[in-house]
Amino acid sequence: MSERLQAGDTAPAFTLPDADGKQVSLADHLGRKVIVYFYPAALTPGCTTQACDFTDNLEVFRGAGYDVVGISPDKPEKLGKFRETEGLKVTLLADEDKSVLEAYGAFGEKKLYGKTVVGVIRSTVIVDEQGKVEHALYNVKATGHVAKLLRDLKIAAA
């Protein structure tokens, strides 16, 4: 099981394809804060709720100096369908080999309906302008997570 990140850690570098197959790197966001959130699967109810919440608040986050990136083990084509179906505006990245999920501690054992399974741990890591972890949140809930982030980061919602 991968190690969970702590505040002050250097955020693991990554370059992954987005929904259009274009390579996106964490380094592309240097100088801005980045909310990197990890979710199990595109086009599922919880992940759709979370992605729509981030999309609905994207301008609020951007206005406060944050970029938002969602990462899942889906293929870029599925992410494209997810974006089109739900009208998403957040950047969605494909981590098919789960290497970034593992580097961020967002893949491993978790409880699902009372059973222990191995999979994506719904997580959010906030990276500062210099690439350091500011907050690392694990086992977050899909519903209400974005509202909680806005409160915790003291960002006024629109």
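These remarks concern the structure in this document. Numbers given for residues are sequential positions, taken from 1 along each chain in its written order. With the structure being a predicted model, the display of local features is reserved for residues of pLDDT at least 70 and the display and counting of side-chain atom pairs for 80 or more, all residues being used for whole-chain, interface and lining totals. Think of the side-chain values as coming from all heavy atoms in the structure, minus any hydrogens and water.

**Focus on the nonpolar core**
In step 1: Here, nonpolar core refers to any group of buried Ala, Val, Leu, Ile, Met, Phe, Trp, Tyr and Cys residues whose side-chain atoms link them within 4.5 Å. Throughout this description, buried means an accessible area under 20% of the type-specific maximum (1.4 Å probe, protein chains only), exposed means over 50%, and partly exposed covers the range between. Judged by nonpolar contacts, the single largest core of 25 residues is most densely connected at Ile35, Phe54 and Phe61.
In step 2: If you list the elements that add at least two residues to this core, you get strand 3 (33–38), helix 1 (45–56), helix 2 (58–63), strand 4 (66–72), helix 3 (76–86), strand 5 (91–94) and helix 5 (145–152).
In step 3: Residue contacts follow a heavy-atom distance rule, with two residues in contact if any of their heavy atoms lie within 4.5 Å. Those residues in contact with Phe61, other than ones at most four positions away along the chain, are Ile35, Phe54, Tyr66, Val68, Val146, Leu149, Leu150, Leu153 and Ile155. Numbering of helices and strands runs from the N terminus; a helix is a DSSP stretch of H or I covering at least four residues, while a strand is a stretch of E covering at least two.

**Structural notes on the layout of surface pockets**
A probe matching the size of a water molecule, rolled over the atoms, marks out where space remains unfilled.
In step 1: Here a cavity means grid points, on a 1 Å grid over the protein atoms only, where a 1.4 Å probe fits yet cannot get out; a pocket means an open set of points with protein on both sides within 12 Å along at least five of seven lines; lining residues are those with an atom within 4 Å of a point. Grid points are joined across faces, edges and corners, and a volume is the space filled by probe spheres set on the points. The calculated volume of the largest pocket comes to roughly 310 Å³.
In step 2: As for the largest pocket, its lining consists of Pro40, Lys110, Lys111, Leu112, Tyr113, Val120, Ile121, Arg122, Asn139, Val140 and Lys141.
In step 3: Here the lining of the largest pocket gets three residues from one element, more than from any other, and that element is strand 6 (residues 107–112).
In step 4: As a working rule, the residues Ala, Val, Leu, Ile, Met, Phe, Trp, Tyr, Cys and Pro are called nonpolar, Asp, Glu, Lys and Arg charged, and the rest polar, with Gly in that last group. In terms of residue class, the lining of the largest pocket is made up of six nonpolar, one polar and four charged.

**Thoughts on the side chain of His145**
In step 1: Within the secondary structure, His145 is located in helix 5.
In step 2: The exposure class assigned to His145 is buried, which follows from its relative accessible area of 6%.
In step 3: Not counting chain neighbours up to four residues away, the residues in contact with His145 comprise Gln50, Phe54, Thr124, Leu137 and Val140.

**Considering the sheet that holds strand 4**
In step 1: The five strands lie next to each other as 5-4-3-8-9, forming an open sheet whose pairing is mixed. Two strands in the sheet have a free side with no partner beyond their single neighbour: strand 5 and strand 9 (133–138). In this sheet, adjacent strand axes meet at a mean angle of 20° when their direction is disregarded.
In step 2: Should DSSP find at least two bridges between two strands, the strands are taken to pair. With six bridges connecting them, strand 3 and strand 4 associate as parallel partners. Paired with Lys33 across the strands is Tyr66, a residue of strand 4.
In step 3: Here helix 5 sits on the sheet in contact with strand 3, strand 8 (123–127) and strand 9, set at roughly 30° to strand 8. Here, axes are lines fitted to C-alpha atoms. For helices the fit covers the stretch in contact, and angles between N-to-C directions go from 0 to 180 degrees.

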